[in-house]
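Here are the chains, one letter per residue:
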Amino acid sequence: IGGGSGKFSIRCTEHRHHVFLYDSNKDMLAGAASSVKGTGSQPLLETYSGDFLAEKNGISKLYDLVALHGSAEWMNDPKQAIIKATGYVKPGALMSLLVFNKNKYLLKRGISGHLLKSGKASKRHNLTPPGALSPAEIISILKHTPGKILCQSGIRVFFNFFRQLPVDVLTPGEWLEQERNYYRTDPFKSLGEHTHFIWQKDI
């Protein structure tokens, strides 16, 4: 849901999964379809453009995995988007939910001395999702759904926290190792740039 150019979806088709790629941007979907045209993955990828929050949104079945990655926070009602997404998960199946972390954004703004500044955001913040949610808010939303959270992770807890820090202070492998050591432990799992949940629907 909100799969954009389909990078994740195409990787899934390469592993022989059937994928229904849903997005409001027709041009993005056309690009995804073009990427698999003439390949063995083409029959595995179906695209559809629509408004996910609409009553009749074009989705008519349940799935083994519903991925809502970096999409809910850009919709008019992120809470409703998350709840609605759970409705398309088969009983016993999974939802993968990735949401921009409001707490990390506030933390970075506070450390840089911008938290109390009012007015128009700087250009470097113009890509901040308007519907960002804290991990606690997401957990509260999922508590009202017929399922359970299996896993919570913080994505990019440490990496690129300070823009002025040279990236080559660690190798890419060392940055990844550092993240993996802490991304599912408290309090770090709630301090990632994004929060990732694996949710399972009740049978």
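Scroll up a little and you will see the structure.
The structure displayed is predicted, hence computed values, not measured ones.

**A look at helix α5 (residues 135-142)**
An α-helix turns once every 3.6 residues. As a result, residues three or four positions apart point the same way. What α5 keeps buried is the set Pro135, Ile138, Ile141 and Leu142. Taken around the axis of α5, the buried residues stretch over an arc of 120°, which confines them to a single face. The secondary structure elements touched by the buried residues of α5 are α3 (78-86), β4 (89-100), α4 (102-111), β5 (147-155) and β6 (194-201).

**Quick word on the packing of aromatic side chains**
One pair of aromatic rings is described through two measures. These are the centre distance and the angle between the planes. Inspection of every chain in the model, using the stated rule, returns 11 aromatic pairs. Centre to centre, the rings of Tyr182 and Phe188 are 5.1 Å apart; their planes meet at 65°, and the pair counts as edge-to-face. An aromatic cluster is built from Phe20, Tyr22, Tyr48, Phe52, Tyr63 and Tyr88, whose rings are joined through pairwise contacts. The ring of Phe52 has Lys84 lying over it, and the distance from NZ or CZ to the ring centre is 5.9 Å.

**Section: the side chain of Thr86**
Checked against the element boundaries, Thr86 lands in helix α3. On the basis of relative accessibility, which here comes to 5%, the residue Thr86 falls in the buried class. Here the side chain of Thr86 touches Ile83 through a polar contact of 2.5 Å, landing on its backbone oxygen. Every residue in contact with Thr86, bar those within four places of it in the chain, is listed here: Met95, Leu142, Thr145, Trp199 and Lys201.

**What to know about the sheet that holds β6**
Overall, mixed pairing links the 4 strands, which are arranged β3-β4-β6-β5 in an open sheet. The open sheet has two edge strands, β3 (63-69) and β5, and neither has a second partner. Between one strand axis and the next, the sheet turns by 15° as a mean value, whatever way the strands run. Sheet analysis places β5 next to β6, joined by 8 bridges and oriented antiparallel. Of the residues in β6, the one forming a bridge with Lys148 is Gln200.

**Considering the pattern of salt bridges**
According to the stated counting rule, one finds 5 salt bridges in the structure shown. For Lys104, the salt bridge is made with Glu193, and the minimal N-O distance between the two is 3.9 Å. With Lys104 in helix α4 and Glu193 in the loop between α6 (172-182) and β6, this residue pair connects regions lying 89 residues apart in the sequence. There is no split in this pair, since Lys104 and Glu193 are both buried. For the salt bridge of Asp186 with Lys189, the shortest nitrogen-to-oxygen distance reads 3.8 Å. What emerges from the salt-bridge pattern is a single network uniting Lys104, Lys108 and Glu193.

**A short note on the nonpolar core**
Residues Phe52, Val66, Leu68, Ile82, Met95 and Leu97 are the most contacted members of the largest nonpolar core, which totals 25 residues. Examining the composition of this core, we find that 5 residues originate from one element, β4, more than from any other. If sequence neighbours within four positions are ignored, Ile82 has contacts with Leu68, Ala72, Met95, Leu97, Leu133, Ile141 and Leu142. Of all hydrophobic cores here, the second largest spans 8 residues; its members include Cys12, Val19, Leu21 and Leu29.

**Re the pairing of β3**
Judged from the 6 bridges that link them, β3 and β4 form a sheet pairing that is parallel. Residue pairing for β4: Ala67 is matched across the bridge by Ser96. Between the parallel pair β3 and β4, the chain is carried across by α3, and the sense of this crossover is right-handed.

**With respect to a nonpolar patch on the surface**
Nonpolar side chains collect at one region of the surface, where Leu106, Leu115 and Leu116 lie side by side and expose about 330 Å² of accessible area between them. The residue Leu116 is located in the loop between α4 and α5 in this model. On the accessibility criterion, Leu116 (84% relative accessible area) is exposed.

Quick notes on the rules
- Residues numbered from 1 in each chain as written.
- Predicted model: local features only at pLDDT ≥ 70, side-chain atom pairs only at ≥ 80, totals over all residues.
- Heavy atoms only, no water.
- Buried < 20%, exposed > 50% of the residue type's maximum accessible area, 1.4 Å probe, protein only.
- Helix = DSSP H or I, 4+ residues; strand = E, 2+ residues; numbered from the N terminus.
- Arc of directions from axis to C-beta.
- Contact = heavy atoms within 4.5 Å.
- Phe/Tyr/Trp six-rings, centres within 6.5 Å; stacked < 30°, edge-to-face > 60°.
- Lys NZ or Arg CZ within 6 Å of the ring centre and 35° of its normal.
- Polar contact = N/O pair within 3.5 Å; in protein donor to acceptor, adjacent residues only side chain to side chain.
- Pairing = 2+ DSSP bridges.
- Axes fitted to C-alpha atoms, helices over the stretch in contact; angles between N-to-C directions.
- Salt bridge = Lys/Arg side-chain N within 4 Å of Asp/Glu carboxyl O.
- Core = buried A, V, L, I, M, F, W, Y, C linked by side-chain atoms within 4.5 Å.
- Right-handed = clockwise from strand over helix to strand, strands pointing away.
- Patch = residues over 30% accessible without salt bridge, like charges linked within 9 Å, V, L, I, M, F, W, Y side chains within 5 Å.
- Areas by Shrake-Rupley, 256 points an atom, 1.4 Å probe, with all protein chains shown as cover.

So far we have only geometry, and geometry alone does not tell us how the molecule works.
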